[in-house]
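Residues per chain, in single letters:
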Amino acid sequence: RFDLTPDGPTINEGRRLADRFHFIPESQVRQQWIKLFLKGVNFEKAFNILLTINHAQFFPGLIELNSTRQDSRHHPEGNVLRHTAQTLTAMAKICDLRGIHGDERLIRMAAMLVHDLGKIDATITNDDGTISSIGHAEIAEPRARLLLNSIAFPKSLQEKVISLAIHHMKPHFEMGKSAIRRLSVELDQATIDQLADVAIADKSGRVADGNVQIVYC
């Protein structure tokens, strides 16, 4: 979360500790992820470190996201894990700009972590070579819940996070007032304001050079 690059001995120690990961108390795992959500600035680097020290295996979906391709016309940044990292970086910037803290920030950050997990199962390569993942948002719940539980994310906030993940594509399409009212009901415990921030972060996390800037829909 400090945007630092670990040296060789630190990486080696991290790899060594992978064998003892299951001895780490759940409370400590939760604490580290919450600190990352509240204070992190470079999530692409954070994910790369998890992959390098073999700790990504303990968080279901991260390794699969790293090998799930996206169509470069819409996602020049590359695979889904890199996109996810960039959306987290974007959401952190949005929260800083809007002064969003505490649970409201945690909900938004966790939503970005899980929002594209459905692409693992929905992504296909079409006959013309293009890549699509139609319906990925709607099938995200099982994988989202699994990943949230692996980081010991607070149960009291999980339903809001999952609702945002399931509906995250809808703001990308033009909607009238009645459609927005229906969406606000479908969101249940989550809010249109939270979903709007998710959509902005999703749009912003598509940068080939990794220099994430906020792109308003």
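Note that the structure is a prediction, hence the values are computed from the model and not measured.

Draft legend 1. Layout of the overall build of the protein chain. A count of helical and extended segments in the protein chain gives 11 helices and 2 strands. Ordering the α and β elements of the protein chain from the N terminus gives α-α-α-α-α-α-α-β-β-α-α-α-α. Taking 2.2 N^0.38 as the reference for a compact globule, 217 residues should give roughly 17 Å; the C-alpha atoms of the protein chain span a radius of gyration of 17 Å, in line with that estimate. For the protein chain, the spread of C-alpha atoms along the principal axes amounts to about 55 × 45 × 30 Å. Counting across all 217 residues of the protein chain, residues that qualify as buried make up 45%. Here the analysis covers contacts within the protein chain between residues at least 6 apart in sequence; of these, 68% occur between residues at least 24 apart.

Draft legend 2. A look at the environment of Ala140. Tracing the backbone shows Ala140 in the loop between strand S2 (131–132) and helix H8 (141–150). Classification of Ala140 as buried rests on a relative accessible area of 1%. Separated by 18 residues in sequence, Ala140 and Ala122 have C-alpha atoms that sit 9.6 Å apart. Sequence-distant contacts of Ala140, defined by excluding residues within four places in its chain, comprise Val114 and Gly118.

Draft legend 3. Quick look at the side chain of Gln86. Examined against the element boundaries, Gln86 turns out to sit in helix H5 (residues 80–98). The residues contacting Gln86, other than those within four sequence positions of it, are Glu44, Glu77, Gly205, Arg206, Val207, Gly210 and Val212.

Draft legend 4. Examining the nonpolar core more closely. Trp33, Phe37, Phe59, Leu113, Val114 and Phe153 are the most contacted members of the largest nonpolar core, which has 54 residues in total. Elements with a contribution of two residues or more to this core: helix H2 (26–39), helix H3 (43–52), helix H4 (62–66), H5, helix H6 (102–114), H8, helix H9 (155–166) and helix H11 (192–204). Considering each element in turn, this core owes the most residues, 9 residues, to H5.

Draft legend 5. Inspection of H5 at higher detail. For H5, which comprises 19 residues, the first-to-last C-alpha distance of 26 Å matches the rise-based estimate of 27 Å (1.5 Å per residue) to within 8%. A large share of H5 lies buried, amounting to 14 of its 19 residues. Residue Asn79 occupies the N-cap position of H5, its side-chain oxygen lying 3.0 Å from the main-chain nitrogen of Leu81. Positive backbone phi, approximately 70 degrees, marks Gly99, located one or two places after H5.

Draft legend 6. Structural detail: the packing of aromatic side chains. Here the structure, examined in full by the defined rule, presents 5 aromatic pairs. Relative to Phe59, the ring of Phe21 lies with its centre 5.7 Å away and its plane at 90 degrees, an arrangement referred to as edge-to-face. Of this pair, Phe21 sits in the loop between helix H1 (8–17) and H2 while Phe59 sits in the loop between H3 and H4; the two residues are 38 residues apart in sequence, bridging distant segments of the chain. Residue classification places Phe21 among the buried positions, given a relative accessible area of 11%. An aromatic cluster of at least three residues, connected via ring pairs, comprises Phe21, Trp33, Phe37, Phe58, Phe59 and Phe153. In this structure, Arg20 is placed above the aromatic ring of Phe23, and the distance from its NZ or CZ to the ring centre is 5.2 Å.

What counts as what
- Residues numbered from 1 in each chain as written.
- Predicted model: local features only at pLDDT ≥ 70, side-chain atom pairs only at ≥ 80, totals over all residues.
- Heavy atoms only, no water.
- Helix = DSSP H or I, 4+ residues; strand = E, 2+ residues; numbered from the N terminus.
- Rg over C-alpha atoms; globule rule 2.2 N^0.38 Å.
- Buried < 20%, exposed > 50% of the residue type's maximum accessible area, 1.4 Å probe, protein only.
- Contact = heavy atoms within 4.5 Å.
- Core = buried A, V, L, I, M, F, W, Y, C linked by side-chain atoms within 4.5 Å.
- Expected span 1.5 Å × (residues − 1).
- Polar contact = N/O pair within 3.5 Å; in protein donor to acceptor, adjacent residues only side chain to side chain.
- Phe/Tyr/Trp six-rings, centres within 6.5 Å; stacked < 30°, edge-to-face > 60°.
- Lys NZ or Arg CZ within 6 Å of the ring centre and 35° of its normal.

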